[in-house]
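Take a look at the letters that make up each chain.
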Amino acid sequence: MLVLAITFGVAHAETTQVADIMPVQLPPDLVQVRSQPAMVAPAPGEQALTPELLANYVARQKALHDFNVDAAEPQAELTQDVLMGYIARASFGGDNGALSAIDSFTKPAEPTLNPTLLARYIDAGFEPTAERVKKRNLALAATGAGQTESDCLAQAIYHEARGESEAGQYAVANVIVNRALSGKFPSTLCGVIYQNANKGYHRCQFTFACDGKDDAPGERAAWNRSKAIAKAVYAEFATGQQMDTLPRSVLYYHTRSSNPSWSNTYTQVAQIGSHLFYAPN
């Protein structure tokens, strides 16, 4: 009987030493390249301006300038879909002028005047024309604009003391001048006379300035006298002269028919005609 003996084993079972495994020898030129430091791209703006870089820039600019719009591909027809797509894309960044303009034309026009529109206008701060004109004039007067200092003073003398004697009218003017010089009130005569006039009745310093009545003088003779006194007083005020009708400390007055609460806290200095004059304590 024939017996076949088979021996299993690893082919090439010779022992391999680690030292026998060596890398492939590199070419000298590759070794030189690898020994150089790695190149880092320069930051934007730090590149060296070489002839090649400059030539490339010039070529690109020339190509942009030579671009022929007429030869370009024609734009698609401006249809409603294209327009709405443009509006939708542009609206993501905020307000869109095109959208606002189109909206103003596509909204249905409201009638010239209807109850809803009128109510909305009133809620937004409607004021009659006469009231707006009055407030404007008061604002101008408070800053000395629109009227001269002499004009403002003449108005105050006329409305506050036209029935008084000349001394009584000078006394009222004297209080106004004293206030302008006191540092406690506006420094102009118009400013003193129309102080707080735009805040409504009982808030102003002189009743005629905020009572809502027409300030146009109706008595020609009294108005002419008020203007003459105002002109003389303003001349003294403008040149720094001291009025001698009342002491400079007198800043308040009231008629004998009234009794304001502040009159008990100030010192009464004089009584001229129907007015009582006071100085702060």
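See the structure shown above.
Worth saying up front: this structure is predicted, and the values here are computed from it rather than measured. (Residues numbered from 1 in each chain as written. Predicted model: local features only at pLDDT ≥ 70, side-chain atom pairs only at ≥ 80, totals over all residues. Heavy atoms only, no water.)

**Digging into the overall build of the protein**
Alright, step 1. Helix and strand content of the protein: 10 helices and three strands.
Alright, step 2. Seen in sequence order, the protein has helices and strands lined up from the N terminus as α-α-α-α-α-α-α-α-α-α-β-β-β.
Alright, step 3. Partitioning the intrachain contacts of the protein with sequence separation of at least 6 by distance along the chain shows that 57% fall at a separation of at least 24.
Alright, step 4. Within the structure as shown, the protein displays about 20,700 Å² of accessible surface, and the carbon and sulfur contribution to it stands at 57%. (Helix = DSSP H or I, 4+ residues; strand = E, 2+ residues; numbered from the N terminus. Contact = heavy atoms within 4.5 Å. Areas by Shrake-Rupley, 256 points an atom, 1.4 Å probe, with all protein chains shown as cover.)

**A closer look at the pairing of strand β3 (residues 275–279)**
Alright, step 1. When you tally the buried positions in β3, you get five out of five residues, the bulk of the element.
Alright, step 2. Both strand β1 (residues 252–255) and β3 contribute to a ladder of four bridges, which runs antiparallel. Looking at the pairing, H254 lines up with L276 of β3.
Alright, step 3. Pairing between strand β2 (residues 267–272) and β3: five bridges, direction antiparallel. Residue A270 lies in a different strand from β3, and its bridge partner there is F277. (Buried < 20%, exposed > 50% of the residue type's maximum accessible area, 1.4 Å probe, protein only. Pairing = 2+ DSSP bridges.)

**A short note on the packing of aromatic side chains**
Alright, step 1. Tallied over the entire structure, the rule returns 10 aromatic pairs.
Alright, step 2. Ring geometry for Y158 versus W223: centroids 5.9 Å apart, planes at 90°, classification edge-to-face. Placement of the pair is Y158 in helix α7 (residues 149–161) and W223 in helix α10 (residues 220–238), with a sequence separation of 65 residues.
Alright, step 3. Ring geometry for W262 and Y278: centres 5.4 Å apart, planes at 85°, overall edge-to-face. With a gap of 16 residues between them, W262 in the loop between β1 and β2 and Y278 in strand β3 connect regions that are remote in the sequence.
Alright, step 4. Note on W262: relative accessible area 25%, which makes it partly exposed.
Alright, step 5. Classification of Y278 as buried rests on a relative accessible area of 5%. (Phe/Tyr/Trp six-rings, centres within 6.5 Å; stacked < 30°, edge-to-face > 60°.)

**Here's the deal with the environment of K184**
Alright, step 1. Checked against the element boundaries, K184 lands in the loop between α8 (166–182) and α9 (189–193).
Alright, step 2. Taking relative accessible area as the criterion, K184 reaches 59% and is therefore assigned exposed.

**Considerations on the packing of α7 against α8**
Alright, step 1. As a packed pair, α7 and α8 sit with axes 10 Å apart at the nearest point and diverge in direction by 130°. In terms of their interaxial angle, α7 and α8 are classed as oblique. Taken as a pair, α7 and α8 cross one another with a handedness that is right-handed. Where α7 abuts α8, its residues L153, A156, I157, E160 and A161 lie against G168, Q169, V172, A173 and I176.
Alright, step 2. The residue makeup of the contact of α7 with α8, split by class, is seven nonpolar, two polar and one charged. (Axes fitted to C-alpha atoms, helices over the stretch in contact; angles between N-to-C directions. Parallel < 35°, antiparallel > 145°, perpendicular 65-115°, else oblique. Left-handed = near helix turned anticlockwise from the far one by under 90°. Nonpolar A, V, L, I, M, F, W, Y, C, P; charged D, E, K, R; others polar.)

**Section: the pattern of salt bridges**
Two side chains that carry opposite charge are able to pair once their charged atoms sit near each other.
Alright, step 1. According to the stated counting rule, one finds one salt bridge in the structure shown.
Alright, step 2. Put simply, R162 and E219 hold a salt bridge, and the shortest N to O gap is 3.3 Å. Of this pair, R162 sits in the loop between α7 and α8 while E219 sits in the loop between α9 and α10, and the two are 57 residues apart along the sequence.
Alright, step 3. Relative accessible area serves as the criterion here: at 43%, E219 is assigned to the partly exposed category. (Salt bridge = Lys/Arg side-chain N within 4 Å of Asp/Glu carboxyl O.)

**Comments concerning unusual backbone geometry**
Alright, step 1. Its identity is not glycine, yet N196 carries a phi of approximately 65°, on the positive side.
Alright, step 2. Secondary-structure assignment places N196 in the loop between α9 and α10.
Alright, step 3. On the basis of relative accessibility, which here comes to 24%, the residue N196 falls in the partly exposed class.

These values are about where atoms sit, not about what they do.
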